[in-house]
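# Topology and contacts: notes
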Amino acid sequence: VQRALEVSETRKAKARADAELAESRQRMAELAEHLQTSIEQERADIAREIHDDIGGALAAVKLDLAWVGRRANDPEMQRHVNAAMDMLQHALGASQRIMMNLRPPILDQGLVATVQWLANGFERRSGLRVNVRRTADRIEVSRDAQLVAYRTAQEALTNIGKHAQGATHVEIDLNDSEGVLTLEVSDNGPGMSAGALRKAKSFGLLGLRERAAKVGGWLDVSSSPRGTSVILSVPLPRPAEVPVPKEVHDQGDFV
C-alpha cells in the first residue's frame, strides 16, 4: 500500500511538473509573439517618423541652401554652401536607407515585388548574381505571412553576405503550389560548419522560427560543402480566407 501511494504521488508530481512546463512554454511563445509584433510596429512607427519629420526637415533645409547658393557671390561662401549640400544629400540618402530597412514601402506592392527588390539590392551591394524564381508574378498571402517571408529573405541574404565566402550566386525560389507558400534562399558557398550553424541558429534564425510558428509555418536550415539553404514553409488559407489588407500609411519618397 505504501509503495502504491508513493507511486501515485510521484505520478501526480510529474503531471503537475509537465503541466507547469507546458504552461511556461505557452507563456514564452506568447511573449515571443508579442515582442515580434511590438518590434514590427515600432519599426513602422520609426520609419514613419523618419519620413515625416526628419526627411521633411532635411528637404526644407536643402531648398533653403539651394536658395542661398543661387545668391552667393563670394566664392568662399559658395564653396561652403556646396559642401553643406553634399553633406545634406548624404544625410537624405542615409535616412532613406534606414527607413527602407525598417519598413520598406514596397511591402505594399506584394510579396513577389518585395523579394525581387531585396534581391536587386543585395546583388548591387555584394556583386553576387541573384536569381529569383516564382510560380506567379503575384502571390497572394496574408500580411503577416508576407512580413515573415520578407524578414526571412532579408536575414538569409544578410547571412550570405557575412558567411558565404567564395559564393558566386544566390537562388531565391518562391512557390505557392499545393496550398503551401515556400521561400527558399540558397547559395553555392562552402557551407557552414556544425558549430557555425548552431551559432547562426541562436539569434537571427531563432527569431525567424518564432515568426514562422506565429503564422503556422516552420523554418529549415541545411548546409553542406555545396552551399547553404534557408527554407520557409507556410500553409496558405483558401482564397476566401485570405484577409483583406488594412490601409497603411503611404510613406512615399523623400524629395
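These numbers come from a predicted model, not from an experiment. (Residues numbered from 1 in each chain as written. Predicted model: local features only at pLDDT ≥ 70, side-chain atom pairs only at ≥ 80, totals over all residues. Heavy atoms only, no water.)

### Here's the deal with the overall build of the protein chain
As a reminder of what qualifies: For the purposes of this entry, the term helix denotes a DSSP run of H or I that reaches at least four residues, the term strand denotes a run of E that reaches at least two, and both are numbered from the N terminus. For the exposure calls, accessible area comes from a 1.4 Å probe over protein chains only, and a residue counts as buried if that area is under 20% of its type's maximum, exposed if over 50%, partly exposed in between. Surface accessibility in these figures is a Shrake-Rupley result with a 1.4 Å probe; residues are shielded only by whichever protein chains are displayed.
If you tally the helices and strands in the protein chain, you get six helices and five strands. Put simply, the protein chain runs from its N terminus to its C terminus through helices and strands in the order α-α-α-β-α-β-β-α-α-β-β. Within the span of the protein chain, comprising 255 residues, buried residues form 33% of the whole. When the accessible area of the protein chain is evaluated, it comes to approximately 15700 Å², of which 55% is carbon and sulfur surface.

### Describing the side chain of Ser 186
Worth spelling out the cut-off: Whether two residues touch is decided by their heavy atoms; if any such pair falls within 4.5 Å, the residues are in contact.
Residue position: Ser 186 is located in strand S3 (residues 180-187). Ignoring anything within four residues of it in the chain, the contact list for Ser 186 reads His 169, Val 170, Glu 171, Thr 228 and Ser 229.

### Comments concerning the sheet that holds strand S1 (residues 129-134)
Hydrogen bonds between backbone groups are what pair the strands of a sheet, and the pairing can be parallel or antiparallel. As a reminder, the rule being used: The criterion for strand pairing is that DSSP finds at least two bridges linking the strands in question. A fitted line through C-alpha atoms serves as each axis, taken over the contacting stretch for helices, and the angle formed by two N-to-C directions is quoted from 0 to 180°.
Judged by pairing direction, the sheet is mixed, and its five strands sit side by side in the order S1-S2-S3-S5-S4 without closing on themselves. Of all the strands in the sheet, the pair left with one neighbour each is S1 and strand S4 (218-224). Strand-to-strand twist in this sheet, taken as the mean axis angle between neighbours without regard to direction, amounts to 10°. As judged from the seven bridges shared by S3 and strand S5 (residues 227-235), these two strands associate in the antiparallel manner.

### Re the environment of Gly 166
Topologically, Gly 166 is positioned in the loop between helix H4 (143-163) and strand S2 (169-175). Separated by 22 residues in the primary sequence, Gly 166 and Asn 188 have C-alpha atoms spaced 8.2 Å apart.

### Here we look at the pairing of S2
Strand direction decides the pairing type here: S1 and S2, joined by six bridges, are parallel. Bridge pairing in S2 places Arg 129 opposite His 169. Counted along the chain from S2 to the antiparallel partner S3, the turn is four residues long, and its residue Glu 178 has a positive phi close to 60°.

### Considerations on the side chain of Ser 229
Tracing the backbone shows Ser 229 in strand S5. Judged by relative accessible area, Ser 229 falls into the buried class, the value being 13%. Setting aside residues no more than four positions away along its own chain, Ser 229 makes contact with Glu 184, Val 185, Ser 186, Asp 220, Val 221 and Ser 222.

### So, unusual backbone geometry
The phi angle at Glu 178 is positive, at roughly 60°, despite the residue not being glycine. Mapped onto the fold, Glu 178 is located in the loop between S2 and S3.

### Describing the environment of Gly 93
Within the fold, Gly 93 resides in helix H2 (residues 75-102). Gly 93 gets classed as partly exposed once you look at its relative accessible area, which sits at 24%. Note: C-alpha distance between Gly 93 and Gly 55 (38 residues apart in sequence) is 9.7 Å.

### So, the nonpolar core
Definition in use: Definition of nonpolar core: a set of buried residues of the types Ala, Val, Leu, Ile, Met, Phe, Trp, Tyr and Cys, connected through side-chain atoms within 4.5 Å.
If you look at the biggest cluster of nonpolar residues, it comprises 36 residues, and the most contacted ones within it are Val 170 and Ile 172. Sorting the residues of this core by element identifies helix H3 (111-126), S1, H4, S2, S3, helix H6 (204-214), S4 and S5 as the ones contributing at least two each. With eight residues, H4 is the single largest residue contributor to this core. Filtering out sequence-adjacent residues up to four positions away, Ile 172 remains in contact with Val 115, Ala 119, Val 130, Asn 131, Val 132, Arg 133, Leu 157, Leu 183, Glu 184 and Val 185.

### A short note on the packing of H2 against H4
Just so we agree on the cut-off: Relative orientations are named as follows: roughly parallel for angles under 35 degrees, roughly antiparallel for angles over 145 degrees, roughly perpendicular for angles from 65 to 115 degrees, and oblique for any other angle. For this scheme, ten residues count as nonpolar: Ala, Val, Leu, Ile, Met, Phe, Trp, Tyr, Cys and Pro. Four count as charged, namely Asp, Glu, Lys and Arg, and the remainder, Gly too, count as polar.
For the pair H2 and H4, the least separation of the axes is 11 Å and the interaxial angle reads 120°. On the basis of their axis angle, the class for H2 and H4 is oblique. Where H2 approaches H4, its residues Met 100, Asn 101 and Leu 102 are matched on the opposing element by Tyr 150, Arg 151 and Gln 154. Residues of the contact of H2 with H4, tallied by class, amount to three nonpolar, two polar and one charged.

### Here we look at the confidence of the model for the protein chain
Stated precisely, the cut-off is as follows: Known as pLDDT, the predictor's confidence for each residue is given on a scale from 0 to 100.
Looking at the protein chain, pLDDT values average 80 and 85% of them are 70 or higher. Residue range residues 245-255 is modelled with pLDDT below 50. Its contacts to residues more than four positions away, or to other chains, number 28 contacts.

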